[in-house]
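Notes for the structure review
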Amino acid sequence: ESMESDDEDPKWGEIRAAITRSIGGLSSSKKAVTLADIQKHRKPGDIWVCVAGHVFDLKIFLSNAKKHPGGLPILNRLLERMPENQDVTESFCKFHYPSGNAIRWMKEQPGLYIGPADKSILEHKEPDEEEDED
């Protein structure tokens, strides 16, 4: 049994479903994003993240800090602590529960939604809390 599996906590299924509902038909028209794809976007100024099975490009926030209420410092901390599969669902939900405005706003921003995450992201197993030094 994996202790990191979100299947053990029913709230992740609920969160994933709420985000999918908020995104609506967008995901069906987009190609699934692979682990290799998302890992190409893991540097300051070019960050893609996975939130509840969906991949977003944070460039809009990185190029205009005023667009993100938390500013750049919180996004830079996110980059420093981001897991290999770039799934930041838990961090996202601490600040933006998907029933709120954040997901609706994200959906409306051109270029922010990249597409659904494929299994290589969703089923990726992280090393045991090792410091990742790229």
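Reading guide: rules and limits
Residues numbered from 1 in each chain as written. Predicted model: local features only at pLDDT ≥ 70, side-chain atom pairs only at ≥ 80, totals over all residues. Heavy atoms only, no water. Helix = DSSP H or I, 4+ residues; strand = E, 2+ residues; numbered from the N terminus. Buried < 20%, exposed > 50% of the residue type's maximum accessible area, 1.4 Å probe, protein only. Contact = heavy atoms within 4.5 Å. pLDDT = per-residue confidence, 0-100. Pairing = 2+ DSSP bridges. Salt bridge = Lys/Arg side-chain N within 4 Å of Asp/Glu carboxyl O. Core = buried A, V, L, I, M, F, W, Y, C linked by side-chain atoms within 4.5 Å.

**Looking at the environment of Gln109**
Tracing the chain through its elements places Gln109 in the loop between helix H6 (101-108) and strand S4 (113-116). Gln109 gets classed as buried once you look at its relative accessible area, which sits at 14%. Taking C-alpha positions, Gln109 is 8.5 Å from Ile60, a pair spaced 49 residues apart along the chain. Setting aside residues up to four positions removed in sequence, Gln109 forms contacts with Ile60 and Lys67.

**A look at the confidence of the model for the chain**
Within the chain, residue pLDDT values average 77, and 77% of them lie at 70 or more. The element-level mean pLDDT for the chain is lowest in helix H1 (residues 10-23), coming to 71, with helix H2 (residues 35-39) highest at 95. Segment residues 1-8: pLDDT under 50, and six contacts once partners within four positions in sequence are set aside and those in other chains are kept.

**Here we look at the pairing of strand S3 (residues 54-57)**
Because side chains alternate across S3, one face comprises the buried residues His54 and Phe56, and the other comprises Val55 and Asp57, equally buried. Where strand S2 (residues 46-51) hands over to S3, the hairpin turn is made up of two residues, of which Ala52 adopts a positive phi near 50 degrees. Relative to S4, S3 runs antiparallel, the two sharing three bridges. The residue bridging Phe56 from the neighbouring strand is Tyr113, located in S4.

**A closer look at the pattern of salt bridges**
All chains considered together, the criterion is met by two salt bridges. Lys43 is the partner of Asp46 in a salt bridge, and the nearest nitrogen-oxygen pair spans 3.3 Å. Residue classification places Asp46 among the buried positions, given a relative accessible area of 13%. We note a salt bridge from Asp57 to Lys59, for which the minimum N-O separation is 3.7 Å.

**Digging into the environment of Lys30**
Along the chain, Lys30 turns up in the loop between H1 and H2. On a C-alpha basis, the gap between Lys30 and Tyr113 in space is 9.1 Å, while along the polypeptide they are 83 residues apart. Contact partners of Lys30, with chain neighbours within four places excluded, come to Tyr113, Ile114, Gly115 and Pro116.

**What to know about the pairing of S2**
Counting buried positions along S2 yields six of six residues, so the element is predominantly enclosed. Burial along S2 is two-sided: Asp46, Trp48 and Cys50 and Ile47, Val49 and Val51, pointing in opposite directions, are all buried. Strand direction decides the pairing type here: strand S1 (residues 42-43) and S2, joined by two bridges, are antiparallel. Note that in S2 the partner of Lys43 across the bridge is Asp46. Taking the residues between adjacent antiparallel strands as the criterion, S1 and S2 are bridged by two residues, where Gly45 takes a positive phi near 90 degrees. Taken together, the four bridges between S2 and S3 define a ladder with antiparallel strand orientation. Across the sheet, Trp48 pairs through a bridge with Asp57, a residue of S3.

**Considering the nonpolar core**
Of all hydrophobic cores here, the largest spans 21 residues; its most connected members are Ile47, Val49, Val51, Phe56 and Leu58. Only H1, S2, helix H3 (59-63), helix H4 (71-81), helix H5 (89-95) and H6 provide two or more residues apiece to this core. Of all hydrophobic cores here, the second largest spans nine residues; its members include Leu35, Ile38, Val55 and Ala117.

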